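Observations on the three-dimensional arrangement
Residue strings, one per chain:
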Amino acid sequence: MGSIREARQYVKRLLEIAEQGGDVEAVGRELRELREVMESSAVVSQQVEYERQGIKQAVVETTVPLTGEQQQRLSAAIQKLLGGPVAIQQQTNPEIIGGLRITVDDVVIDNSLRGQLARMLQVVHQAPAPAEAVEEDE
Amino acid sequence: MRVNSDKLIAALRQQLAEYEHKLQVEEIGNVVEVGDGIAVVDGLRGVMSQELLDFSGGVMAVAFNLEEETVGCILLGPDEEIQEGDQVRRTGRIAETSVGEAVFGRVMTPLAEPLDDRGPIAADQTRPLELKAPGVIERQPVCEPLYTGIKAIDAMTPIGRGQRELIIGDRQIGKTAIAIDTIINQRDSDVRCIYVAIGQKLSGVRRIAAILQEHGAMEYTCIVAACASDPAALLYIAPYAGCTIGEHERENGRHALVIYDDLSKHAKAYRELSLLLRRPPGREAYPGDIFNLHSRLLERACKLSEERGGGSLTALPIVETQEGDYSAYIPTNVISITDGQIYLEPELFHQGVRPAVNVGLSVSRVGGAAQPQMMRQVSGRLRTDLAAYREYEAFTRFASELDERTRQILGRGQRMVEVLKQRQYAPLSSVEQTIAIFAGTRGHWDDIEPDRIDELEPQLIEFIYEHHPDVVETLTETEEIEEEMAQRLTDAVEEFKGSLEAEPSDQE
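How each quantity is defined
- Residues numbered from 1 in each chain as written.
- Chains lettered and ligands numbered in written order.
- Predicted model: local features only at pLDDT ≥ 70, side-chain atom pairs only at ≥ 80, totals over all residues.
- Heavy atoms only, no water.
- Domains from an automatic or database assignment.
- Contact = heavy atoms within 4.5 Å.
- Buried area = accessible area lost by both parts, 1.4 Å probe.
- Salt bridge = Lys/Arg side-chain N within 4 Å of Asp/Glu carboxyl O.
- Polar contact = N/O pair within 3.5 Å; in protein donor to acceptor, adjacent residues only side chain to side chain.
- Core = buried A, V, L, I, M, F, W, Y, C linked by side-chain atoms within 4.5 Å.
- Buried < 20%, exposed > 50% of the residue type's maximum accessible area, 1.4 Å probe, protein only.
- Patch = residues over 30% accessible without salt bridge, like charges linked within 9 Å, V, L, I, M, F, W, Y side chains within 5 Å.
- Areas by Shrake-Rupley, 256 points an atom, 1.4 Å probe, with all protein chains shown as cover.
- Helix = DSSP H or I, 4+ residues; strand = E, 2+ residues; numbered from the N terminus.
- Axes fitted to C-alpha atoms, helices over the stretch in contact; angles between N-to-C directions.
- Parallel < 35°, antiparallel > 145°, perpendicular 65-115°, else oblique.
- Nonpolar A, V, L, I, M, F, W, Y, C, P; charged D, E, K, R; others polar.
- Pairing = 2+ DSSP bridges.
- 1 Å grid on protein atoms, 1.4 Å probe; cavity = no way out; pocket = protein on both sides within 12 Å on 5 of 7 lines; lining within 4 Å.
- Points joined across faces, edges and corners; volume = space filled by probe spheres on them.
- Phe/Tyr/Trp six-rings, centres within 6.5 Å; stacked < 30°, edge-to-face > 60°.
- Lys NZ or Arg CZ within 6 Å of the ring centre and 35° of its normal.
- Expected span 1.5 Å × (residues − 1).
- Arc of directions from axis to C-beta.

For the rest of this paragraph, the subject is the domain arrangement of chain A. All names here are of chain A. For chain A, the assigned domains are domain 1 (1-53) and domain 2 (54-138). One C-alpha centre belongs to domain 1, the other to domain 2, and the line joining them spans 32 Å. Tallying the contact residues gives six residues for domain 1 and five residues for domain 2. With both chains or domains summed, domain 1 and domain 2 bury close to 530 Å², and 44% of this area falls on carbon and sulfur atoms. The largest contributions to the domain 1 side of the interface with domain 2 come from Arg5, Tyr50 and Gln53, which together make up 78% of the buried area. The interface formed by domain 1 and domain 2 contains zero salt bridges.

So, in structure tokens, the structure goes:
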């Protein structure tokens, strides 16, 4: 149970089962357990707290850890962009090769090397095949 | 085959020269559930209905059910590679297909991927699959004929440009044959054709393409195929793709004909998707909006007003019935949407009456206005003659004991049935049809054995074209057959019959 979103999905499914004439008592028990798990997880309770205060959470992915000063500048920039308080969660992810990728809710601001390569590949795929580069063998 | 790396690098460099690095802002979601050709995605808050979604791995999907937290989408490709948790991107585009010159002469999927061996489809224009039909002001009544080249249809249930005429009947009795003949008959007209194959065998589609090719009809025809093995979503969008291609022609003042073969399979594909997306089932387990599914498709066929360019899109939907049950759900729906139907009957087909059109049940509600005066004149008595024949048909077995009048009606009816028979892939021009039907309705065949008509009719047409080109010319130019013209035609037919008696050896 890594995030509030997953928990929400889970609860929704449980309620659906209850609605279809499932064991309401069992569903209730399950929900109480879920709450305990959620509250015991530091990450999740932090998320709940942010959501309550209306603070958006941005996940920033880079290949190397950001310095304190870089983080502050980035945080100021993102706050300006979204127009509200933002909590930054930093992750290192070697898969993006270089640059950085910022995820806020459903929106991804992709400035990673990997993303650029993927888009270049798309350009090449869409262009007609270079016929002159292929020579027929006798 | 060898690849020249220098040239390849140069080509790549050139292609990438246009690439410009921009900060990419995307909206993403995650797959929650996938299977049976549908996927449920969490996130994608800003997604539009019918928007194309890009699943990692290159599979595309269309957003279908927009719910509070999730989006239900239909996959346009295989779902095997997609896993729970995969990222899904918005594309910002509504589902669309390629249109214009480049698609004609091609066999392709509804998303304009080629199915023939002629390389990518180099279309420079695309058009959304779902568009609203033109309004009342933008239309005009059907006024120009669209010849199918089939005597039984052009004479009795004429079709006009912009009309929707349903072809309905059981399996294997020549529904597709009528559609193919109609396409072939457009070779001398300015009508572009689109044949949409929904849920058919690939081998069947291949065969149709070969037949059209053979008759020189492929160059103005586009085949949109979603085959039996394709995901239901592709079958569902196929007719809309075909319609969009035709609409593009219509909007540009040209004429197009689109054939949906067939809409019963389309309805089944939509039922499958709807049930998987947990939409509530209705009659025959079809969802509640199954009527709208077909009406919004067929409403897009129309004749535009002169201000809008006067283009037209004619639709020939095909519906398959089970055991002749045309009062089932889908057939009645489509019958009520269209401007008439051509009803094919298995009994007629097996008796050798081909095309097996049931004249009594077939109607064309608006095509009459588009039928040329000439054809109306010669075919006027056809319907009544045939109706009288059907009424007396039961007495045929007592042939010897019948009175003269009944015998006459029966004789005429039998010959008219023969006249309306026609071979496949042999559409006739309107003048040829006029001659053939004229000979029948004016009683010129009455003293000829019915089973010889099939063989004599082409000879008659050839004879008139050869020996009386003036008659043919007048028929081509004028709209009406005047008294004097009718006399000349009569004389020509009699002359032909005279020539038969003169050289009987030719007929043996």
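Residue-level contacts link 28 residues of chain B with 25 residues of chain A. For the pair chain B and chain A, the number of links is two salt bridges. Asp106 of chain A is the salt-bridge partner of Arg45 of chain B, the closest N and O atoms lying 3.0 Å from each other. Linking chain B with chain A are five residue pairs in polar contact (both at pLDDT 80 or more).

Right, let's get into the nonpolar core. All names here are of chain B. One finds Leu212, Ile223, Leu386, Trp445, Ile464 and Leu475 to be the most contacted residues of the largest nonpolar core, which totals 81 residues. Other than its neighbours up to four places away in sequence, Leu212 contacts Ile180, Ile183, Ile184, Ala217, Met218, Thr221 and Ile223. Core analysis: the second largest hydrophobic core is formed by 57 residues, Ile194, Tyr240, Ile245 and Ala256 among them.

With that settled, the discussion passes to a nonpolar patch on the surface. A cluster of nonpolar side chains, contributed by Ile97, Leu113 and Leu117 of chain A, occupies part of the molecular surface with about 260 Å² of accessible area. Its place among the elements puts Ile97 of chain A in the loop between strand E2 (86-92) and strand E3 (99-104).

For the rest of this paragraph, the subject is the packing of helix H1 (residues 4-19) of chain A against helix H2 (residues 24-40) of chain A. A packed helix pair is summarised by two numbers, namely the angle formed by the two axes and the spacing between the axes. Residue and element names in this part refer to chain A. Where H1 meets H2, the closest approach of the two axes is 10 Å, and the angle between their N-to-C directions is 170°. Relative to H2, the element H1 lies roughly antiparallel. Facing Ala7, Tyr10, Val11, Leu14 and Ala18 of H1, the residues of H2 in contact are Val27, Glu30, Leu31, Leu34 and Met38. Along the lines of polarity and charge, the residues of the contact of H1 with H2 split into nine nonpolar, no polar and one charged.

A few words now on the sheet that holds strand E11 (residues 166-169) of chain B. Residues and elements named next belong to chain B. Reading across the sheet, the eight strands line up as E9-E13-E12-E14-E15-E11-E16-E17 and stay open at both edges, with mixed pairing between neighbours. A strand with exactly one partner marks an edge of an open sheet, and here the two such strands are strand E9 (107-108) and strand E17 (363-364). With seven bridges joining them, strand E12 (residues 191-200) and strand E13 (residues 221-227) adopt parallel strand pairing. Within E13, the residue paired with Gln200 across the bridge is Cys227.

Our next topic: empty space enclosed by the protein. Residues and elements named next belong to chain B. According to the stated counting rule, one finds three cavities of 30 Å³ or more in the structure shown. In this structure, the largest cavity spans a volume of roughly 90 Å³. Around the largest cavity sit Ala152, Leu348, Val353, Pro355, Val357, Val359, Leu386, Arg390, Val417 and Leu420, which together line it. Of all the elements in the fold, those that place two or more residues in the lining of the largest cavity are helix H10 (373-392) and helix H11 (404-420). Residues that form the lining of the largest cavity fall into these classes: nine nonpolar, no polar and one charged. Its volume calculated, the second largest cavity comes out at about 50 Å³. Along the walls of the second largest cavity sit Pro145, Leu146, Tyr147, Asp154, Pro158, Ile159, Ala370, Gln371, Pro372 and Met375, which together make up its complete lining. Taken together, the residues of the lining of the second largest cavity break down into eight nonpolar, one polar and one charged.

This part is about the side chain of Gln341 of chain B. All names here are of chain B. Among the secondary structure elements, Gln341 is positioned in strand E16 (residues 340-343). Of note is the side chain of Gln341, whose polar atom sits 3.3 Å from the backbone oxygen of Leu361. Not counting the four nearest positions on each side in its chain, Gln341 is found in contact with Glu165, Leu166, Ile168, Ile335, Leu361, Ser362, Val363 and Arg365.

Turning to the packing of aromatic side chains, a few remarks are in order. Residue and element names in this part refer to chain B. Applying the stated criterion across every chain, the model contains seven aromatic pairs over all chains. Here the aromatic rings of Phe64 and Tyr236 are separated by 5.3 Å at their centres, their planes lie at 90°, and the arrangement is edge-to-face. A residue pair is termed long-range when its members are at least 10 positions apart, and Phe64 in strand E5 (residues 60-66) and Tyr236 in helix H5 (residues 232-251) qualify at 172 residues. Side by side, Phe64 and Tyr236 carry an identical accessibility label, which is buried. In this arrangement the basic side chain of Arg354 is found over the ring face of Phe349, its NZ or CZ atom lying 4.1 Å from the centre.

The next point concerns H2 of chain A. Residues and elements named next belong to chain A. Between its terminal C-alpha atoms H2 stretches 25 Å, which fits the 24 Å expected from 17 residues at 1.5 Å a residue. Along H2, the positions that sit buried rather than exposed are Val27, Gly28, Leu34 and Met38. With its buried residues spanning 120° around the axis, H2 presents them on a single face. Opposite the buried face of H2, at more than 90 degrees from it, the exposed residues are Glu36 and Ser40. Structurally, H2 contributes buried residues whose contacts are with H1 and helix H3 (42-53).

This paragraph deals with the pattern of salt bridges. Residues and elements named next belong to chain B. In the structure shown here, the tally under the stated rule is 40 salt bridges over all chains. Here Asp339 makes a salt bridge to Arg164, at a shortest N to O gap of 2.8 Å. Separated by 175 residues along the polypeptide, Asp339 in the loop between helix H8 (329-337) and E16 and Arg164 in the loop between helix H2 (151-156) and E11 bring together distant segments of the chain. Taking the relative accessible area as the measure of exposure, Arg164 reaches 9% and is therefore buried. Notably, a salt bridge pairs Arg390 with Glu393, separated by 3.8 Å at the nearest N-O pair.

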